[in-house]
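# Tertiary structure, described
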Amino acid sequence: MAQQLTLVAKLRQRVEEQGESPAFIFRSPHDGRYVLSWNRLYRLAGRFAAVLNSRGLGRGHLVVNTLVNSPERAVCEAGIWLSGAASVNGHCQMADGSDLLHTLRVSRASALLVDPDVSNSPWNVLTKYVSVGEDDSVTSSDLTNLKKLFFIRRVEEDGPGDFITQLGSHSDWFQADDITPEDTLAVFATSGTMGFSKLVAYTHRDYMQLVKAYFESKQQNPVKTDLNRHFTTAPFGWLGGYVGMGVASCYTIVTCDVRVGGLPKDMPEFIFQVLEKEKCNHALISPVYLPELLLLAERRNAKTDSSAEALTSKESKLNELILTGLPITCPVVAAALSLTDLVKVSYGATDFSVVSMHIVTDSKTFVDHDTGPPIEGVSVKIVSQDDEETALPVNQTGHILVKALKINPGYLDDPKLKTDDYLTKDGFFRTQDYGRLDERGHLIVDGRGNDAIMRGPYIFYPSWMESCIRACPGVRDVIITGVPDPLVNEELCACIVTESDSVTLEHVRHFVEKKVVTTEDDPLSPRPRYYLEFQSFPMTDTGKPKRKVIKAQATERLQCSN
């Protein structure tokens, strides 16, 4: 029974029960479609596990995976499970690759998966730091633990060098013995509650508990079709969109094949089309896309276009929709309920998994920022911002402490962060979020208790971006702050003090777009949406910028300009 708490056991179960049914369906912006069945996923994964095993990789090793959402990423992740190793999400959003390099150094990963042929490939950054020898062995004076490199390529018409074609010709197959629920499954990068790009390890058990919390709610609606298809906009490397979601939940995962042309230029239109064509009954969609999705549905209804009914008719609505990102507001829930019968709003973080879940079927009953009651096995208390030993009564706002399903033993290989830094004496996690418990026992989450910015599903700590922008010629100082946004809670605003009038905000914007971030086509990438010029910043008596005052001034100026 315990083995069922591993993704390897669940994958075997899916193969036995569903065989040739789709495990993944990948759609490209140009109407391309790639189906990966359970049988084929298992067969290819075992062959990749054999490749890893032949290179000396297995239990106790970490493999950094930089691949985008694609069949290749799914196969590689499953292969890492079968090998007994664990994957590390190798995100690379900074143009200089500093975030990826940080992950490689801190994780002490033994191997790296890259696709050198994609746009803005992490390989472009890493060529400055590593030398590749025979059998793709790696030497690096900076990344001393990195020993193996795997080029995961896609070649048109399955020609020589194509990763999946090559695996198909292999005869070796491997699966590690006795993989247990306590073995590390994956390591996720998170801005977290303690700083930028911390690494949090999840065991098989941790992950299975998280999926259970999302997919086995007490108020779950009956599935209206035997297709059980879950559409997601989330990256495979992110905890909320991890490759194992479908394996653990028995859903077919439908997503964008980002390997083909990158992210769709019109993501709402892409989502609309895929939900209709694949007859998805379940979805995880970022709130940033909901208004345009609703407009698309309304336009098609007005034109009596039959395809509009795929999202708005009572018979064809999604069975349920999971909203990512906090805090969630009433307009967002109302828009979501136009596309589905049931909305799930939850609170959690990579650091401490799922804390609360709110099942919403009527937007009129929803309160802004309501994340519902704590799920089974989780405790929450609200404490004074001045004294965490003082618990606050109902409807008083304070710091949120949680005793969650996942007790994080620490951030990977970071000696500066000990258990005492984030756990109270009685075992509660200091989330550094603030909120309140109402009279129903629902947790209302209002935001961060420090300088962090809550933007959609991500938390951004401004210091790293500020240090990058200060390198822009002509910039004297910069403060990144969050300004209110109805969809993603807070948008990033760069408040700039320049050295002279000849330095324009457009000059700074161009620097950021080209030198700081790599994902210009992703609306959730960490780039400021707004730029405001300041003559100087208000300062404290100790010479520090008054961030709350700057945030209020930026908010007021943007509201006036609108």
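See the structure printed just above.
Predicted model only: the values in this text are computed from it and were never measured.

Okay, unusual backbone geometry next. In this model, D31 sits at a positive phi of 70 degrees, which is unusual for a non-glycine residue. Examined against the element boundaries, D31 turns out to sit in the loop between β1 (22–27) and β2 (33–37). The backbone of D178 shows a phi angle near 55 degrees, a positive value even though the residue is not glycine. Tracing the sequence through the fold places D178 in the loop between α6 (163–168) and β9 (184–190). Classification of D178 by relative accessible area gives exposed; the value is 59%.

Attention now goes to the sheet that holds strand β8 (residues 148–151). An order of β8-β5-β3-β4-β9-β10 is seen for the 6 strands of this open sheet, with the pairing classed as mixed. Because the sheet does not close on itself, it has two edges, and the strands there are β8 and β10 (198–203). For this sheet, the mean angle separating the axes of adjacent strands, direction not counted, is 20 degrees. Across 3 bridges, the pairing between strand β3 (residues 62–65) and strand β5 (residues 111–114) is parallel. Bridge pairing in β5 links N65 to L113. Sheet strands touched by helix α4 (residues 98–107): β3, β4 (86–89), β5 and β10. Its angle to β3, the strand with the most contacts, is close to 175 degrees. The sheet strands contacting helix α7 (residues 204–215) are β9 and β10, and the helix crosses β10 at an angle near 85 degrees.

With respect to the helices and strands, the residue S37 is situated in strand β2. For S37, a relative accessible area of 8% gives the class buried. Within the structure, S37 has its side chain in polar contact with the backbone nitrogen of R40 (distance 3.1 Å).

Time to look at the packing of helix α1 (residues 7–18) against α7. Relative to each other, α1 and α7 sit at 60 degrees, their axes nearing to 9 Å. Considered as vectors, α1 and α7 are oriented oblique to each other. Of α7, the residues touching α1 (which contributes L7, V8 and K10) are H204, Y207 and M208. Here the contact of α1 with α7 is composed, by residue class, of 4 nonpolar, 1 polar and 1 charged.

Two elements in contact, α1 and helix α2 (residues 38–54), have axes separated by 8 Å at closest approach and are oriented at 140 degrees. In this view, α1 runs oblique relative to α2, as classed from their interaxial angle. Crossing handedness for the pair α1 and α2: left-handed. Between α1, through L11, R12, R14, V15 and Q18, and α2, the contact on the second element is made entirely by W38, N39, L41 and Y42. A breakdown of the residues in the contact of α1 with α2 according to their chemical character gives 5 nonpolar, 2 polar and 2 charged.

Another aspect to go through is α2. An α-helix turns once every 3.6 residues. As a result, residues three or four positions apart point the same way. Between its first and last C-alpha atoms α2 spans 24 Å; for 17 residues at 1.5 Å apiece the expected length is 24 Å, and the two agree. The element α2 is extensively covered by neighbouring structure, given that 12 of its 17 residues are classed as buried. Just beyond α2, the residue with positive phi is G56, at close to 80 degrees.

Turning our eyes to something else, we now look at the pairing of strand β14 (residues 320–323). Regular strands place their side chains on alternate faces of the sheet. A two-sided burial pattern is seen for β14, the buried positions comprising E320 and I322 on one face and L321 and L323 on the other. In the sheet, strand β13 (residues 282–285) pairs with β14 via 4 bridges, with the strands oriented parallel. Of the residues in β14, the one forming a bridge with A283 is L321. Where β14 lies against strand β15 (residues 343–349), 3 bridges are found, and the strand directions are parallel. By the bridge assignment, L321 is partnered in β15 with V343.

To continue, consider the packing of aromatic side chains. Applying the stated criterion to the full structure yields 15 aromatic pairs. Where W123 meets F151, the ring centres are 5.1 Å apart and the plane angle is 85 degrees; that geometry is what we call edge-to-face. Of the two residues, W123 is situated in helix α5 (residues 122–126) and F151 in strand β8; the sequence distance between them amounts to 28 residues. The class for W123 is buried, based on a relative accessible area of 13%. Residues Y207 and Y242 carry aromatic rings whose centres are separated by 5.3 Å and whose planes lie at 80 degrees to one another, so their mutual orientation is edge-to-face.

Another aspect to go through is the nonpolar core. If you look at the biggest cluster of nonpolar residues, it comprises 84 residues, and the most contacted ones within it are F24, F48, W81 and Y207. At 9 residues, the largest contribution of residues to this core is made by α2. Ignoring any residue separated from it by four or fewer positions in sequence, one finds F24 in contact with Y34, V35, L36, L41, A74, F236, V243, T252 and I253. L294, L323, A336 and F366 belong to the second-largest nonpolar core, a separate cluster that totals 34 residues.

Per the stated rule, a full pass over the model turns up 3 cavities of 30 Å³ or more. Computed from the structure, the largest cavity encloses a volume of approximately 40 Å³. Lining the largest cavity are H230, T232, F236, G240, G241, Y242, M245 and I253. In terms of residue class, the lining of the largest cavity is made up of 4 nonpolar, 4 polar and no charged.

Reading the values: the criteria
- Residues numbered from 1 in each chain as written.
- Predicted model: local features only at pLDDT ≥ 70, side-chain atom pairs only at ≥ 80, totals over all residues.
- Heavy atoms only, no water.
- Helix = DSSP H or I, 4+ residues; strand = E, 2+ residues; numbered from the N terminus.
- Buried < 20%, exposed > 50% of the residue type's maximum accessible area, 1.4 Å probe, protein only.
- Pairing = 2+ DSSP bridges.
- Axes fitted to C-alpha atoms, helices over the stretch in contact; angles between N-to-C directions.
- Contact = heavy atoms within 4.5 Å.
- Polar contact = N/O pair within 3.5 Å; in protein donor to acceptor, adjacent residues only side chain to side chain.
- Parallel < 35°, antiparallel > 145°, perpendicular 65-115°, else oblique.
- Nonpolar A, V, L, I, M, F, W, Y, C, P; charged D, E, K, R; others polar.
- Left-handed = near helix turned anticlockwise from the far one by under 90°.
- Expected span 1.5 Å × (residues − 1).
- Phe/Tyr/Trp six-rings, centres within 6.5 Å; stacked < 30°, edge-to-face > 60°.
- Core = buried A, V, L, I, M, F, W, Y, C linked by side-chain atoms within 4.5 Å.
- 1 Å grid on protein atoms, 1.4 Å probe; cavity = no way out; pocket = protein on both sides within 12 Å on 5 of 7 lines; lining within 4 Å.
- Points joined across faces, edges and corners; volume = space filled by probe spheres on them.

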